[in-house]
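Coordinate analysis (summary)
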Amino acid sequence: MKLGIVFEGGASRTFFSCGVMEALIDNNIKADIIAGSSAGIANAVSYASWQKDRCRELLHRYYSTKEYMHFTHLFNPKIRSIYNIPFVYDKIPNELIPFDYETFKNGGIRSVATVTDIETAKTEYITLDGNDRQWRVLVATCALPILFPPVEINGRLYMDGGITDSVPVDYMLNQGCDKVIVVLTQEREFRKEKKDFTLTLSAYKFRNYPNFARALRNRNDNYNKARDHIFELEKRGEIFIILPEVMQGIKRTENDVEKLDKIYQHGIDCTNRQMDRLKEYLRS
């Protein structure tokens with residue numbers, strides 16, 4: 001059996017996914033490949049390195065601090081992001097909460113991040129090899145327009161992979177996975193509204209990249225269609241979905257540790273409540 005796990009993004013909402021990861025590790029459910037966009041895959045690399053409590057430690061020690069996330073970083077010409085990129089992607093994994101690069105490289109879990117090429121507006125799927133200790137690909141997949149600048153990799157400019165492939169389930173099925181777990185960060189009934197001022201503003205900002213601007217304008221419709229497709233795959237028994245029962249209105253930039261810790265625990269609880277069904281799905 002080849003197992004794949006797909007992680008949706010959602011910034012702060014992905015602490016739900018961190019709880020899911022903890023429950024999977026506790027039950028020794030180890031994927032062959034994981035893939036995702038934005039904070040979904042950025043947090044999931046700790047699952048790939050089999051560091052169960054790493055995301056929770058990050059939440060309690062640093063996530064609510066101004067050093068981690070604050071609008072003033074947007075005006076720092078060396079950062080230009082709501083997140084303090086050198087602190088989040090370098091100092092934390094390489095000094096403060098050490099990342100286990102050895103297990104990540106040799107533990108048997110391949111990790112893939114989605115990114116969007118802003119010239120072509122095509123999704124690219126980049127395997128993380130653990131050699132770049134500033135995690136440029138993770139910065140790119142998390143790079144929301146307005147909140148981040150574009151990220152240059154090998155001469156191309158990239159931004160958030162979730163703009164064009166929020167939940168790369170088809171990519172995972174095309175990797176030859178017999179079983180696929182999909183971890184979502186919104187309730188089952190959630191739909192994105194068609195009108196979104198942030199997306200409209202982002203499309204205007206990137207008007208010199210017409211393909212990317214079009215992708216931004218169509219983002220919500222495409223996201224809703226993707227969810228419909230995911231739930232259809234679930235009905236056919238091709239995938240197993242884990243999602244929150246109640247997200248409690250958590251926004252992307254929520255940094256209240258108590259609220260996010262509840263969402264983290266909710267991820268553990270939701271997964272454990274389905275554990276018997278999940279194991280049966282993996283055996284079948």
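Bear in mind that the values here come from a model prediction, so they are computed numbers and not experimental data. (Residues numbered from 1 in each chain as written. Predicted model: local features only at pLDDT ≥ 70, side-chain atom pairs only at ≥ 80, totals over all residues. Heavy atoms only, no water.)

1. Section: the pairing of strand 3 (residues 110-117)
To keep things clear, this is the line we draw: Note on classification: 1.4 Å probe, protein chains only; a residue is buried when its accessible area is under 20% of the maximum for its type, exposed when over 50%, partly exposed between these limits. Runs of H or I in DSSP of at least four residues are treated as helices and runs of E of at least two as strands, each being numbered from the N terminus. Strands qualify as paired when DSSP identifies two bridges or more between them.
With seven of eight residues buried, strand 3 lies mostly within the body of the structure. Pairing between strand 2 (residues 33-36) and strand 3: four bridges, direction parallel. Note that in strand 3 the partner of Ala35 across the bridge is Val112. As consecutive antiparallel partners, strand 3 and strand 4 (residues 123-127) are separated by five residues, and within that stretch Ala121 has a phi angle of approximately 60°, a positive value. In this structure, strand 3 lies alongside strand 6 (residues 156-160), joined through three bridges in antiparallel fashion. The residue bridging Asp117 from the neighbouring strand is Tyr158, located in strand 6.

2. Brief notes about the state of the cysteines
Worth spelling out the cut-off: Cysteine sulfurs are considered disulfide-paired once they come within 2.5 Å of each other.
Applying the stated criterion across every chain yields a total of zero disulfides. Cys142 takes part in no disulfide bond, and the closest cysteine sulfur, belonging to Cys18, lies 12 Å away. Residue Cys142 is classed as buried on the basis of its relative accessible area of 8%. There is no disulfide at Cys270, and the cysteine sulfur nearest it, in Cys18, is 14 Å away.

3. Structural notes on the packing of aromatic side chains
This is how the line gets drawn: Pairs were defined over the aromatic rings of Phe, Tyr and Trp, the Trp ring being its six-membered one, requiring ring centres within 6.5 Å. Orientation was assigned from the angle between planes: stacked under 30 degrees, edge-to-face over 60, tilted for the rest. To sit over a ring, a charge needs its Lys NZ or Arg CZ within 6 Å of the ring centre and within 35 degrees of the ring normal.
Going through the model one piece at a time under the given rule, you end up with 18 aromatic pairs. Both rings, one in Phe15 and one in Tyr63, keep their centres 4.9 Å apart while their planes meet at 85°; by these two values the pair is edge-to-face. Here the residue Phe15 occupies a position in helix 1 (residues 15-26), and Tyr63 occupies one in helix 3 (residues 54-63), the gap between them amounting to 48 residues. Note on Tyr63 and Tyr68: the rings are 5.0 Å apart at their centroids and 55° apart in plane angle, and the pair reads as tilted. In this structure, Tyr63 and Tyr68 share a single accessibility class: buried. Counting every residue linked through ring pairs, the aromatic cluster contains Phe15, Tyr63, Tyr68, Tyr83 and Phe148. Here the basic side chain of Lys30 rests over the ring of Trp50, its NZ or CZ set 5.8 Å away from the ring centre. Here the guanidinium or amino end of Arg207 rests over the ring plane of Tyr204, the centre of that ring lying 4.1 Å away.

4. Here's the deal with the nonpolar core
Operational definition: Put simply, a nonpolar core is a bunch of buried Ala, Val, Leu, Ile, Met, Phe, Trp, Tyr and Cys residues held in one set by side-chain atoms that sit within 4.5 Å of each other. We call two residues in contact whenever any of their non-hydrogen atoms come within 4.5 Å of each other.
Ile5, Ile34 and Tyr68 are the most contacted members of the largest nonpolar core, which has 80 residues in total. Broken down by element, the residue count for this core peaks at seven residues, all from helix 1. Beyond its immediate sequence surroundings of up to four residues, Tyr68 is in contact with Leu58, Tyr62, Tyr63, Ile82, Tyr83, Asn84, Phe87, Val88 and Ile92. Counting 18 residues, the second largest nonpolar core, distinct from the first, contains Val6, Met172, Val182 and Leu233.

5. Things to note about the environment of Met275
Examined against the element boundaries, Met275 turns out to sit in helix 12 (residues 275-283). Residues Met275 and Glu152, spaced 123 residues apart in sequence, show a C-alpha to C-alpha distance of 41 Å. With near-sequence residues (within four places) excluded, Met275 lies in contact with Ala23, Asn27 and Ile29.

6. Quick look at the environment of Val183
Looking at the element boundaries, Val183 is found in strand 7 (residues 179-183). What makes Val183 buried here is its relative accessible area of 0%. Distance in space between the C-alpha atoms of Val183 and Val6 is 6.1 Å, their sequence separation being 177 residues. Leave out the neighbours within four places in its chain, and Val183 touches Ile5, Val6, Phe7, Glu8, Phe16, Ser17, Val20 and Ile242.

7. A look at the pattern of salt bridges
Close approach of charged atoms allows side chains with opposite charge to pair. Rules: Any carboxyl oxygen of Asp or Glu that lies within 4 Å of a side-chain nitrogen of Lys or Arg is treated as forming a salt bridge with it.
Evaluation of the coordinates by the stated rule reveals ten salt bridges. The partner of Arg236 in a salt bridge is Glu232, and the shortest N-O contact between them spans 3.8 Å. Look at Glu232 and you get partly exposed, because its relative accessible area is 35%. Through salt bridges with shared partners, a single network forms among Asp117, Glu119 and Arg156.

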